[in-house]
Amino acid sequence: MNPWWQQVGNIIVAEFSDLADPVQFTRVVLRLLVAALLGGLLGWERESQGKAAGVRTHMLVAMGAALFVLVSQQIGMGAEDMSRVIQGIIAGVGFLCAGTIIKGHARLDDVQGLTTAAGLWLTAAVGVAAGLGRESTAVLGTLLALAVLLLVPVVLKATAKPSPLITSETQDVKKKQ
């Protein structure tokens, strides 16, 4: 019979044996790093715009989503079970995103945080793609998201109609004078 400390040591070794193969270890590290880096890029854009959900939040969402699907793959889940895991990620991150949306009480159209919420949701999708080993898809999704976040505001500003010099408010002021 082994002394108790050898039994404890054997249990610890067994508990950390899920990455015993160097190939599997490299695969997990690569997928989590890709998820973290791509999530960080999306978070950097949001943080540079002064939004509350920045680099760390986006990195954690991407890595969390990647880890959920990675572990599911490691235990041998089939496609049907994996789809339920992904559904859970979508719903869970959707709940997190709901916390970033703020509706003003003064006006009905005063809603803030929708772009940040959508960005977090997309970041989870990027993390899922990276976790499933679809790194190219994750990179493409990130690049397209950055294009939307960085270029669309410039295009909208360039194509916006100039605001009129005289508005109804300025007309009212002139009438009172």
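For the structure itself, consult the block above.
Only a predicted model underlies this, so the values are computations on that prediction, with no experimental measurement involved.

Criteria and thresholds
- Residues numbered from 1 in each chain as written.
- Predicted model: local features only at pLDDT ≥ 70, side-chain atom pairs only at ≥ 80, totals over all residues.
- Heavy atoms only, no water.
- Helix = DSSP H or I, 4+ residues; strand = E, 2+ residues; numbered from the N terminus.
- Buried < 20%, exposed > 50% of the residue type's maximum accessible area, 1.4 Å probe, protein only.
- Contact = heavy atoms within 4.5 Å.
- Areas by Shrake-Rupley, 256 points an atom, 1.4 Å probe, with all protein chains shown as cover.
- Expected span 1.5 Å × (residues − 1).
- Phe/Tyr/Trp six-rings, centres within 6.5 Å; stacked < 30°, edge-to-face > 60°.

1. A closer look at the overall build of the protein
Item 1. The helix and strand inventory of the protein stands at seven helices and two strands.
Item 2. In the protein, the succession of helices and strands from N to C terminus is α-α-α-α-β-β-α-α-α.
Item 3. Within the protein, buried positions represent 26% of all 177 residues.
Item 4. Taking the intrachain contacts of the protein between residues at least 6 apart in sequence as the baseline, contacts between residues at least 24 apart amount to 60%.
Item 5. Per element, the accessible surface of the protein, about 12,300 Å² overall, is 67% carbon and sulfur.

2. Quick look at helix α5 (residues 114-131)
Item 1. Over its 18 residues, α5 runs 26 Å from end to end, which matches the ideal 26 Å to within 8%, given 1.5 Å per residue.
Item 2. Within the sequence span of α5, burial applies to Thr 116, Ala 117, Gly 119, Leu 120, Thr 123, Ala 124, Val 126, Gly 127, Val 128, Ala 129, Ala 130 and Gly 131.
Item 3. At its buried positions, α5 is contacted by α2 (22-48), α3 (55-74), α4 (79-98) and α6 (135-159).
Item 4. The first or second residue beyond α5 is Gly 133, which carries a positive phi of 85 degrees.

3. Overview of the side chain of Thr 142
Item 1. Of note, Thr 142 is situated in helix α6.
Item 2. Classification of Thr 142 by relative accessible area gives buried; the value is 1%.
Item 3. Excluding anything up to four places from it in sequence, Thr 142 contacts Leu 38, Leu 41, Leu 42 and Val 126.

4. With respect to the packing of aromatic side chains
Item 1. This model, assessed by the stated rule, comprises one aromatic pair.
Item 2. Relative to Trp 5, the ring of Trp 4 has its centre 6.2 Å away and its plane inclined at 85 degrees; by these criteria the two rings are edge-to-face. Both residues of the pair, Trp 4 and Trp 5, belong to the exposed class.

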